[in-house]
Structures are given as structure tokens and as C-alpha cells.
Protein chains: 2
Amino acid sequence: MTAELGDFREVLHARKLKATRARRLVFQEIVSSSDIHPNASEIHQRLTGRGERVSLASVYRTLGLLVKSGLVSQVDLGEDHSHYESEGAKAGHGHLICLSCGAVKEFSDAHIHRLIGRIGDGRGFELDRFSIQAFGYCERCRTKRSR
Amino acid sequence: MTAELGDFREVLHARKLKATRARRLVFQEIVSSSDIHPNASEIHQRLTGRGERVSLASVYRTLGLLVKSGLVSQVDLGEDHSHYESEGAKAGHGHLICLSCGAVKEFSDAHIHRLIGRIGDGRGFELDRFSIQAFGYCERCRTKRSR
DNA sequence: TTTAATGCAAACATTTTGCACCCTG
DNA sequence: CAGGGTGCAAAATGTTTGCATTAAA
């Protein structure tokens, strides 16, 4: 399940924050491009490219707010800037990142989730959330390489 | 097993790179502070603070080179800059990061390693390495909070 | 109407780079 | 002693912030 516009309004209202045009646009852009894991600049370009007038500063401010609200999460894909994805109901999940073409595929595994929780327990650590980056080569690039 | 100065020389030699003073210092600093996961600026401060004259630019250049050589790995601990740790023999491991005090504890688990490998297999993905960031609250901060 | 949010541009922090000089191999 | 490596300072990135203006509620 992915976060929806309804959740968005609810959360903002609960925090007494305004549901402005810019915020809605940024949020929807992230939700609707969940497969893309866009970064701040990409989000901005997609919006302005589509004719929407939103400043990059607002994109950043909104991203910070959405992350803090738990609607969106910030991911490190090994580049020099952050990427964003809608949080949905997944408390933790991983990314398969291709070292050759940069493609990112998500995965989610209850077993791993449980294991990490248990490892934390054993060390007195209370797990809130986690993120996994698995670097390697995607199917397409592998077949290309071996030919 | 942690990477040693011997590996360092070997790798540099294999790549026809010079084992300069600056490079040795940066490498040793990372190896000897494996528990600290220093960032570029911290490495630089530790060296200059100890009287060694190395520029921050060289620290960055060396870090890039060590990462590319596989002697050191770059970790994202949720801050706005990278941290570094010696790669050693661990092909993949995780970090328990305290959201309250920022302390980082490493863990390594063969079971998780196998699981991630298997998840990759199922998707035609050839795993090279992975990194896990688990955010939550460390023992110390938890007891502090509950008091 | 009131107050928070926006846009702009300037400020910041981190990392990269050009170039003259230096040191390793 | 040749060529890569270094330091320095300037530039490039990515992100944040102050302030006057605009728009939600």
C-alpha cells in the first residue's frame, strides 16, 4: 500500500500545516513515480517541465517536511545527492542497485525485517526503520556483459 | 579481518599508483579508527591535529582512490556527507544508527547476507556487496528516555 | 485577515578541479 | 629525473535560509 493524497491531507492537517499547491505537487510527483526514486532536482524538473511553477527551494522544504511526517522516505543510492520514495506501509525495504546502468529495483522481505529486529534486540537497540542498498549487476547488464 | 598496510601497498602497486605519505596516512587513519566511521573532514582534522601536513583535497582524492580499489568503503549514515570504513573481508554488513545520539554500531550476519543474495538471484541480480542502515535508539538513549 | 508558505537570491557545506611545485619510483 | 601526486584556492554541487510577497485557512 502506497501513501495517498488522503493520508497527505490528514497528516498535514494534524500538524497544522497548509496543504498548498506546491506541497501537493511534490507529494504526488513522488507517489506517481515510485519506480523512479527521483531526487530533488528531478522532481523540480518534472514539475516545471509540465508547466507547474514551483521553486527548487520549495521542493526541498517540502521534501524535508514529508520525510519528517513519515509520508516519504529519503534513500541513498550511492550518488552524491538524496533520492526520495513514498513510504507506504513498508516499514523497511531494500534496493537492488545496478552498478552498470544505475537501475534500482525495490524488494521487501519480512524475514530480513525480523532478523534485523532481532539483531537490534540482542544489542539493546530499538529499531525504528531500516534501509538496504545492495549493489551489483542487473539481469540486462549481465547478459550484455557476457555476450 | 581488516585490510592492512600490506594490502594497501600491493593494491597500489598493482594499479601503478604511488604509495605516498598522504595516502598512507589517510589509509591508516581509517583502519585504526574502524569503530568511528570518520568522514573526510574528521580524517583531515585527526591528521593535521596530530601534526601531519596533508591537505583536505588529498584526503578526498585518496578516499576516492581507496574506495575504487576496494580497500575502503563509503557509508551513508543519514548525514549530509559520506563516512568511511576499512573494507576488510566483510563483503556486506550493517549499521545500527542511533537517532538520538548518532552512535553507530556495526553488525554482520551471514544469514542476512545469504537472504539478500537469494533475493537477488530470484531477480536475475548478481550481488556484489550491500550495506544496511538500521535507524533506531541505542540502549543508552533508551534508558535515558524512559527515566 | 492572519499567518504560514513561497520565490528569489544569497549563504552554506561538501566535494572536485586547475595549476605550479614536489616527491616517489 | 620523469611523471604522477600535492597543496592551494577557486569552482562546482547540493541544500538551506532570510526576507519581501502571496495565498491558504
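Residues numbered from 1 in each chain as written. Chains lettered and ligands numbered in written order. Predicted model: local features only at pLDDT ≥ 70, side-chain atom pairs only at ≥ 80, totals over all residues. Heavy atoms only, no water.

Residues and elements named next belong to chain A. The end-to-end C-alpha distance of helix H4 (residues 56–69), which contains 14 residues, comes to 20 Å, matching closely the 20 Å that a straight helix rising 1.5 Å per residue would cover. Among all positions in H4, only Val59, Thr62, Leu63, Leu65, Leu66 and Ser69 are buried. Buried residues along H4 sit in contact with helix H1 (5–14), helix H2 (21–32), helix H3 (40–49), strand E1 (72–75) and strand E2 (83–86). Note on H4: the residue one or two positions beyond its end, Gly70, has a positive phi of about 85°. (Helix = DSSP H or I, 4+ residues; strand = E, 2+ residues; numbered from the N terminus. Expected span 1.5 Å × (residues − 1). Buried < 20%, exposed > 50% of the residue type's maximum accessible area, 1.4 Å probe, protein only. Contact = heavy atoms within 4.5 Å.)

Attention now goes to the domain arrangement of chain A. Residue and element names in this part refer to chain A. By domain assignment, chain A separates into domain 1 (1–89) and domain 2 (91–147). Each of domain 1 and domain 2 was reduced to a C-alpha centroid, and the two centroids are 22 Å apart. Each partner contributes residues to the interface: domain 1 has ten residues there, and domain 2 has nine residues. For domain 1, the biggest contributors to the area lost against domain 2 are His37, Leu77 and Glu85; these three give 49% of the whole. Run the count over domain 1 and domain 2 and you get zero salt bridges. For the interface between domain 1 and domain 2, the tally reads three residue pairs in polar contact (both at pLDDT 80 or more). Of the residues that constitute the side of domain 1 that touches domain 2, the class distribution is three nonpolar, three polar and four charged. (Domains from an automatic or database assignment. Buried area = accessible area lost by both parts, 1.4 Å probe. Salt bridge = Lys/Arg side-chain N within 4 Å of Asp/Glu carboxyl O. Polar contact = N/O pair within 3.5 Å; in protein donor to acceptor, adjacent residues only side chain to side chain. Nonpolar A, V, L, I, M, F, W, Y, C, P; charged D, E, K, R; others polar.)

Before going further, it helps to spend a moment on the protein's contact with DNA strand C. Contacts to DNA strand C come from 19 residues, most closely from Thr20, Ser55, Ser58 and Arg61 of chain A together with Tyr60 of chain B. A share of 68% of the atoms of DNA strand C within 4 Å of the protein falls on sugar and phosphate groups. Ser55 of chain A is positioned such that a nitrogen or oxygen atom in its side chain is 2.8 Å from a phosphate oxygen of DNA strand C. For the surface near DNA strand C, the elements supplying multiple residues, two or more each, are H2 and H4 of chain A together with helix H4 (56–69) of chain B. Of the residues in the surface near DNA strand C, the class split is seven nonpolar, five polar and seven charged. (Near = heavy atom within 4 Å.)

Mapping chain A onto chain B is achieved by rotating through 179° and translating by 0.0 Å along the same axis, at an RMSD of 0.2 Å. As the rotation angle and translation indicate, the two copies are arranged about a two-fold axis. Residue Ile132 of chain A, judged by its C-alpha, is the member of chain A lying nearest the rotation axis, at 2.2 Å. A share of 100% of the interface residues of chain A reappears at the interface of chain B, consistent with the copies meeting face to face through the same patch. (Least-squares fit on C-alpha atoms with pLDDT ≥ 70 in both.)

This brings us to the interface of chain A and chain B. Between chain A and chain B, the contact holds 34 residues from the first and 34 residues from the second. Approximately 3,000 Å² of surface area, both sides summed, lies buried where chain A meets chain B, with 62% of it carried by carbon and sulfur atoms. Of all residues in chain A, the largest losses of buried area upon contact with chain B belong to Arg123, Phe125 and Glu126 of chain A, amounting jointly to 20% of the total for that side. On inspection of chain A and its partner chain B, the count reaches two salt bridges. Across the pair Glu126 of chain A and Arg142 of chain B runs a salt bridge whose closest N-O atoms are separated by 3.5 Å. If you look at where chain A meets chain B, you find twelve residue pairs in polar contact (both at pLDDT 80 or more).

This next bit is on the side chain of Ser33 of chain A. Residues and elements named next belong to chain A. Within the secondary structure, Ser33 sits in the loop between H2 and H3. Side-chain polar atoms of Ser33 contact the backbone oxygen of Glu29, separated by 2.5 Å. Among residues more than four places away in sequence, those in contact with Ser33 are Pro38 and Arg46.

A few words on empty space enclosed by the protein. All names here are of chain B. For the structure shown, the criterion picks out one cavity of 30 Å³ or more. If you add up the space inside the largest cavity, you get close to 30 Å³. Those elements that place two or more of their residues in the lining of the largest cavity are strand E3 (92–98), helix H5 (110–122) and strand E5 (126–137). Among the elements that take part in the lining of the largest cavity, E3 stands out by supplying three residues, more than any other. Its residues assigned to classes, the lining of the largest cavity shows four nonpolar, five polar and one charged. (1 Å grid on protein atoms, 1.4 Å probe; cavity = no way out; pocket = protein on both sides within 12 Å on 5 of 7 lines; lining within 4 Å. Points joined across faces, edges and corners; volume = space filled by probe spheres on them.)

This part takes up the layout of surface pockets. Residue and element names in this part refer to chain A. In this structure, the second largest pocket encloses a volume near 220 Å³. In this structure, the second largest pocket is lined by 13 residues; those nearest its centre are Ala103, Lys105, Cys138, Glu139 and Arg140. At the level of elements, strand E3 (92–98), strand E4 (104–107) and helix H6 (139–146) are the ones that each hand at least two residues to the lining of the second largest pocket. Sort the elements by how many residues they give to the lining of the second largest pocket and H6 lands first, with four residues. Looking at the lining of the second largest pocket, its residues break down into eight nonpolar, no polar and five charged.

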